[in-house]
Amino acid sequence: MSIAENVARVRAEINAAAMACGRDPKEIQLCAATKMNDADAVRQAIAAGVDCCGENRVQELTQKLSENAYEGADIHFIGHLQTNKVKYIIDKVELIHSVDSFDLAKEIDKRAAQHGLVMDILVQVNSAEEESKFLVLRICNRTYDDIYFLQERPPVVLFCVSSNSPIQLVAILIPTF
């Protein structure tokens, strides 16, 4: 199946699901994980209707940027981001997924401020405390303070919380927002 055919199939599924729950399909972004694909494949995906591209390797992202691979689409950084690599992507991406440590959030805050940016982030919460998962917040005394810090920092916008155990944590976090 070609890239265009795959994108069309996924768009059709998104449209059907949106209509079934009374949502406008245009409200839903299709973000393709373009990692490990060359610049030409990324351009094909964008031409076929992908709204944003997700990369998880800084070097791959910067290489594809140099090849103008992302023209017409937003770029998201997906997966684990090392604190020392924030400076390379902060002015190149629209959203950072899986912020998994408080130190990383503070580094994003610092680098975004240096560039005069407001950076949207998704915070990964390991509320089930799985050892294989990174985490930024635990259900403990620091939780509310950490969220308050993120909420009060203009360069960083706590856009969403991603959790591997959403029901138990979302109820705790909603009043904080």
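Residues numbered from 1 in each chain as written. Predicted model: local features only at pLDDT ≥ 70, side-chain atom pairs only at ≥ 80, totals over all residues. Heavy atoms only, no water.

**Side note on the layout of surface pockets**
By volume, the largest pocket is sized at about 250 Å³. If one sorts the elements of the lining of the largest pocket by residue count, helix α1 (residues 3-20) sits on top with five residues. For the lining of the largest pocket, the per-class residue count stands at 10 nonpolar, three polar and one charged. (1 Å grid on protein atoms, 1.4 Å probe; cavity = no way out; pocket = protein on both sides within 12 Å on 5 of 7 lines; lining within 4 Å. Points joined across faces, edges and corners; volume = space filled by probe spheres on them. Helix = DSSP H or I, 4+ residues; strand = E, 2+ residues; numbered from the N terminus. Nonpolar A, V, L, I, M, F, W, Y, C, P; charged D, E, K, R; others polar.)

**Observations regarding the nonpolar core**
Soluble globular proteins: nonpolar side chains tend toward being buried together. Counting 25 residues, the largest nonpolar core has L81, V93, I96, I108 and M119 as the members making the most contacts within it. Of all elements in the fold, only α2 (39-48), α3 (58-66), β3 (74-77), α4 (86-89), β4 (95-99), α5 (102-114) and β5 (119-125) reach the threshold of two or more residues within this core. Counting residues per element, this core draws most heavily on α5, which supplies four residues. (Core = buried A, V, L, I, M, F, W, Y, C linked by side-chain atoms within 4.5 Å. Buried < 20%, exposed > 50% of the residue type's maximum accessible area, 1.4 Å probe, protein only.)

**Re the confidence of the model for the protein**
A low pLDDT score tells you not to read the predicted coordinates there in detail. Across the protein, the average pLDDT comes to 77, with 69% of residues at or above 70. Contacts from residues 136-145, a stretch scored under 50 in pLDDT, to residues over four places away or in other chains number 23 contacts. (pLDDT = per-residue confidence, 0-100. Contact = heavy atoms within 4.5 Å.)

**Digging into the pattern of salt bridges**
Any two side chains of opposite charge can pair if their charged atoms end up close together. Summed over the entire model, instances satisfying the criterion amount to nine salt bridges. Within the structure, one salt-bridge network assembled from shared partners comprises E55, E60 and K64. (Salt bridge = Lys/Arg side-chain N within 4 Å of Asp/Glu carboxyl O.)

**Points about α3**
Taken residue by residue, α3 has V58, E60, L61 and K64 as its buried positions. End-on, the buried residues of α3 take up no more than an arc of 165°, which puts them together on one face. Residues of α3 that are exposed and point over 90 degrees away from its buried face: Q59 and S66. Buried residues belonging to α3 abut α2, β2 (52-55), β3 and α4. Once α3 ends, the next one or two residues include N68, with phi positive near 55°. (Arc of directions from axis to C-beta.)

**Quick notes on the environment of V99**
Position of V99 among the secondary structure elements: in strand β4. Using a relative accessible area of 0% as the deciding quantity, one classes V99 as buried. With 17 residues separating them along the chain, V99 and Q82 place their C-alpha atoms 9.6 Å apart.

**Examining the side chain of E55**
Mapped onto the elements of the fold, E55 is located in strand β2. For E55, the side chain forms a polar contact with the side chain of T34, separated by 2.7 Å. Of note is the side chain of E55, whose polar atom sits 2.7 Å from the side chain of K64. (Polar contact = N/O pair within 3.5 Å; in protein donor to acceptor, adjacent residues only side chain to side chain.)

**Considerations on the packing of α1 against α2**
Their axes nearest at 9 Å, the elements α1 and α2 cross at an angle of 40°. Relative to α2, the element α1 lies oblique. The way α1 lies across α2 gives a crossing that is right-handed. Across the interface between the two elements, I3, A4 and V7 of α1 pack against A41, Q44, A45 and A48 of α2. Grouping the constituent residues of the contact of α1 with α2 by class yields six nonpolar, one polar and no charged. (Axes fitted to C-alpha atoms, helices over the stretch in contact; angles between N-to-C directions. Parallel < 35°, antiparallel > 145°, perpendicular 65-115°, else oblique. Left-handed = near helix turned anticlockwise from the far one by under 90°.)

**Brief notes about unusual backbone geometry**
Even without being glycine, M36 reaches a positive phi, approximately 65°. Residue classification places M36 among the exposed positions, given a relative accessible area of 62%. A positive phi is found at N68, a non-glycine position, where the angle reads about 55°. As for its placement among the helices and strands, N68 is situated in the loop between α3 and β3.

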